[in-house]
Amino acid sequence: MASRINAIWNFISHYKYLIVIVIGIAIVGFLDDNSLLKHMQYDMQISDLKSEIAKYEARHEEDSCRLHELKQDPKAIEKIARERYFMKADDEDIFVFDNMGKPENK
């Protein structure tokens, strides 16, 4: 038993700097809050958020153009009211066709 402990102690004393370096790299690389794995996860999250920002900026541009158009042209408001809300003028009729309630042929 003493020879085994003595052999382990000799190994540790001979390779003490290498053991400390390996343990330090393991802690920094995998276990720490600032580890390489966390950095990779954060980089992936940043790229996802940047793509979402680009999507929302494009949507904002489109909506800004539509808002400008609505402020400039009163007929655009009328067009949206007719298409989305089925509003009509006093002298016209609106027919809405529903394809969901088709009878089945047997």
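Residues numbered from 1 in each chain as written. Predicted model: local features only at pLDDT ≥ 70, side-chain atom pairs only at ≥ 80, totals over all residues. Heavy atoms only, no water.

### What about the overall build of the protein?
Alright, step 1. Within the protein, the secondary structure is distributed over four helices and zero strands.
Alright, step 2. Whereas a compact globule of 106 residues would reach a radius of gyration of roughly 13 Å, the protein reaches 35 Å, over 25% beyond that.
Alright, step 3. If one aligns the C-alpha atoms of the protein with their principal axes, the spans along those axes are about 105 × 55 × 15 Å.
Alright, step 4. Scored against the burial criterion, the 106 residues of the protein give a buried share of 4%.
Alright, step 5. Summing over all exposed atoms, the protein offers an accessible surface of approximately 10,700 Å²; the carbon and sulfur share of this is 60%. (Helix = DSSP H or I, 4+ residues; strand = E, 2+ residues; numbered from the N terminus. Rg over C-alpha atoms; globule rule 2.2 N^0.38 Å. Buried < 20%, exposed > 50% of the residue type's maximum accessible area, 1.4 Å probe, protein only. Areas by Shrake-Rupley, 256 points an atom, 1.4 Å probe, with all protein chains shown as cover.)

### What to know about the packing of aromatic side chains
Alright, step 1. Overall, the coordinates contain one aromatic pair when judged by the stated rule.
Alright, step 2. Seen from the ring of Tyr56, Lys55 lies directly overhead, with NZ or CZ sitting 5.0 Å from the centre. (Phe/Tyr/Trp six-rings, centres within 6.5 Å; stacked < 30°, edge-to-face > 60°. Lys NZ or Arg CZ within 6 Å of the ring centre and 35° of its normal.)

### Focus: the packing of helix α3 (residues 36-72) against helix α4 (residues 74-85)
Alright, step 1. At a minimum axis distance of 5 Å, the contact between α3 and α4 shows a crossing angle of 115°. In terms of axis orientation, α3 runs roughly perpendicular to α4. Facing Arg66, Glu69, Leu70 and Gln72 of α3, the residues of α4 in contact are Pro74, Ala76, Ile77, Ile80 and Arg84.
Alright, step 2. Of the residues that constitute the contact of α3 with α4, the class distribution is five nonpolar, one polar and three charged. (Axes fitted to C-alpha atoms, helices over the stretch in contact; angles between N-to-C directions. Parallel < 35°, antiparallel > 145°, perpendicular 65-115°, else oblique. Contact = heavy atoms within 4.5 Å. Nonpolar A, V, L, I, M, F, W, Y, C, P; charged D, E, K, R; others polar.)

### Notes on the environment of Lys75
Alright, step 1. Turning to its location among the elements, Lys75 is positioned in helix α4.
Alright, step 2. The exposure class assigned to Lys75 is exposed, which follows from its relative accessible area of 62%.
Alright, step 3. When the C-alpha positions of Lys75 and Ile94 are compared, they lie 18 Å apart, and in sequence the two are 19 residues distant.

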